[in-house]
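# Close look at the chain arrangement
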Amino acid sequence: MRRFRRLKIIHQAWLITILIVAAVVSCFLFWAADNARKAELAHSRTVADMADSLRQLVARNGGIYVRRQADEDLGKVGRYLSEYVAEPNPGEPVDQPFHVFHQKNPFLALADYSAEVQQSPAAAKFRLTSDNMMNPANQPDLFDLQALGVMRETGVSEYWQVKGEVLRYARALRADKTCLACHGRPEDAPAVVRSKYKAPDGGRKGGGYGYTLGEVVGVTSVTVPHTGFVTLLVQQSWGFWISIAVILTLIAFVFMQLMRGVVKPLMRLSRYAEDIAHTDDLCSVRQPVFDADESSSRNEIHQQLFALKALHESMRSAVDHITRHGR
């Protein structure tokens, strides 16, 4: 700080102005980046809300039934639960595939919905996953495991990270009574569930079983695009850039007024004082003029110049008197 104070005033003014400009631009960019991140999080939460709404709807109704597709592998784990054969309409053949329906629980329904979203042009993707899953296809990745660890350790309900060009968002899935109907004790699960998903050997937790009420058992994992710095700048509206331009113009105006009204007068005042201090001919020192009537000005620099001029005149008179009359 002492070194800064010993710099020339004009250099101090330039440094301060540069720091102010950098701070203003940084604040605007931080504000834009923060707003973009908040928008991405809001987008993620909306996707998670939609997934949770469908999951709760399916859970509240005990599952949903979907029509069997002729080319589907019915033996594949994670596709169907119980089967329901609908009564054919009069005159229709009984063996038509659209008369056969299969039950899907919340996870299976969400898995199908997620698969459709993955194939769609939608920018946001989602899935449900758990580290205690029935379907091996729902394995959590490293981010999901990190989210589960943080949620269980701290009690938070959501967790997010920016990873490259995407924002990963996770919302806690807590076991409720509808979950425990299939995911509680293995012996309490419906027979159709036990036939599809085997309980762990020698224990009650694992393989999608052993949930306890209120426990964080999984996450709704959402992925949305993250806006990079360059893209963020390109996407800003004209209002953003006009705001920056107006602020920078005001800073430039204040800087010019500071240079014109303070810095340059102080530099001239300093040179004037140095000329008086180092000259051998006080009469040759030219007196600067800052104002037409410096004696009545309330500007401290004008008052200082007026006082220095008075001192200059006194010194000239004293030197002239000594020159004429000797000591």
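What comes next is a walk through the structure. (Residues numbered from 1 in each chain as written. Predicted model: local features only at pLDDT ≥ 70, side-chain atom pairs only at ≥ 80, totals over all residues. Heavy atoms only, no water.)

### So, a nonpolar patch on the surface
Taken together, Trp238, Ile242, Val246 and Leu250 make up a surface patch of nonpolar side chains, about 480 Å² in accessible area. For Trp238, the location among the structural elements is in helix 8 (residues 238-278). Judged by relative accessible area, which is 72%, Trp238 ranks as exposed. (Patch = residues over 30% accessible without salt bridge, like charges linked within 9 Å, V, L, I, M, F, W, Y side chains within 5 Å. Areas by Shrake-Rupley, 256 points an atom, 1.4 Å probe, with all protein chains shown as cover. Salt bridge = Lys/Arg side-chain N within 4 Å of Asp/Glu carboxyl O. Helix = DSSP H or I, 4+ residues; strand = E, 2+ residues; numbered from the N terminus. Buried < 20%, exposed > 50% of the residue type's maximum accessible area, 1.4 Å probe, protein only.)

### Some details on the nonpolar core
Phe126, Tyr169 and Val222 are the most contacted members of the largest nonpolar core, which has 18 residues in total. Taken together, the elements giving at least two residues each to this core come down to helix 2 (9-60), helix 3 (106-119), strand 4 (125-129), strand 6 (166-174) and strand 7 (216-225). For this core, the element with the highest residue contribution is helix 2, accounting for four residues. Contacts of Phe126, omitting those with residues within four sequence positions, involve Val47, Ala51, Leu110, Tyr113, Ser114, Val117, Gln118, Ser221 and Val222. (Core = buried A, V, L, I, M, F, W, Y, C linked by side-chain atoms within 4.5 Å. Contact = heavy atoms within 4.5 Å.)

### Some points on the sheet that holds strand 1 (residues 64-67)
Strand pairing within a sheet occurs via backbone hydrogen bonds; the two strands may be parallel or antiparallel. An order of 1-3-2 is seen for the three strands of this open sheet, with the pairing classed as antiparallel. Strand pairing shows two members of the sheet lacking a second neighbour, strand 1 and strand 2 (83-85), which therefore form its edges. Each neighbouring strand pair of the sheet contributes to a mean axis angle of 35 degrees, computed without reference to strand direction. For strand 2 and strand 3 (residues 100-104), the ladder comprises three bridges, and the chain directions are antiparallel. Bridging from a neighbouring strand, Val85 pairs with Val100 of strand 3. The sheet contacts of helix 3 involve strand 1 and strand 3, and relative to strand 3 the element is tilted by about 105 degrees. (Pairing = 2+ DSSP bridges. Axes fitted to C-alpha atoms, helices over the stretch in contact; angles between N-to-C directions.)

### So, the sheet that holds strand 4
Read across the open sheet, the four strands follow the order 4-7-6-5; overall the sheet is antiparallel. The sheet is open, and its two borders are formed by strand 4 and strand 5 (158-163), each paired with just one other strand. Strand-to-strand twist across the sheet, computed as the mean angle between neighbouring axes with direction ignored, equals 20 degrees. Judged from the five bridges that link them, strand 4 and strand 7 form a sheet pairing that is antiparallel. Bridging from a neighbouring strand, Phe126 pairs with Val222 of strand 7. Strands in contact with helix 2 are strand 4, strand 5, strand 6 and strand 7; relative to strand 6, the strand with the most contacts, it is inclined by about 35 degrees. Each of strand 4 and strand 6 is contacted by helix 3, which is oriented at about 155 degrees to strand 4, the strand it contacts most.

### Some details on the pairing of strand 5
Looking at chain direction, strand 5 and strand 6 are connected through six bridges and run antiparallel. Within strand 6, the residue paired with Val162 across the bridge is Leu167. In this structure, the hairpin formed by strand 5 and strand 6 is closed by a connection of two residues, where Gly164 is found at a positive phi of approximately 65 degrees.

### Things to note about the packing of helix 2 against helix 3
Where helix 2 meets helix 3, the axes come as close as 9 Å, and the angle between the chain directions of the two elements is 140 degrees. In terms of axis orientation, helix 2 runs oblique to helix 3. In this structure, helix 2 crosses over helix 3, and the sense of that crossing is right-handed. Here Met50, Ala51, Leu54, Arg55, Val58 and Ala59 of helix 2 come into contact with helix 3, specifically with Pro106, Ala109, Leu110 and Tyr113. Looking at the contact of helix 2 with helix 3 residue by residue, the class counts come to nine nonpolar, no polar and one charged. (Parallel < 35°, antiparallel > 145°, perpendicular 65-115°, else oblique. Left-handed = near helix turned anticlockwise from the far one by under 90°. Nonpolar A, V, L, I, M, F, W, Y, C, P; charged D, E, K, R; others polar.)

### Examining the pattern of salt bridges
Evaluated as defined, the whole model comprises 16 salt bridges. The shortest N-O distance in the salt bridge between Lys38 and Asp34 comes to 3.2 Å. With Lys38 and Asp34 both in helix 2, this residue pair falls four residues apart, about one helical turn. By relative accessible area, Asp34 is classed as buried at 19%. A salt bridge links Glu313 to Arg316; the shortest N-O distance between them is 2.8 Å. With a gap of three residues between them, Glu313 and Arg316 both fall in helix 9 (residues 300-325), about one helical turn apart. Among the charged side chains, a salt-bridge network with shared partners connects Asp49, Asp52, Arg55 and Arg171.

### Brief notes about the environment of Ser44
Its location among the elements puts Ser44 in helix 2. As a C-alpha pair, Ser44 and Val222 span 178 residues in sequence and 6.1 Å in three-dimensional space. Once you skip the residues sitting within four places of it in the chain, Ser44 turns out to touch Leu167, Tyr169, Val222 and Val224.

The values reported here are purely geometric and, on their own, carry no functional implication.
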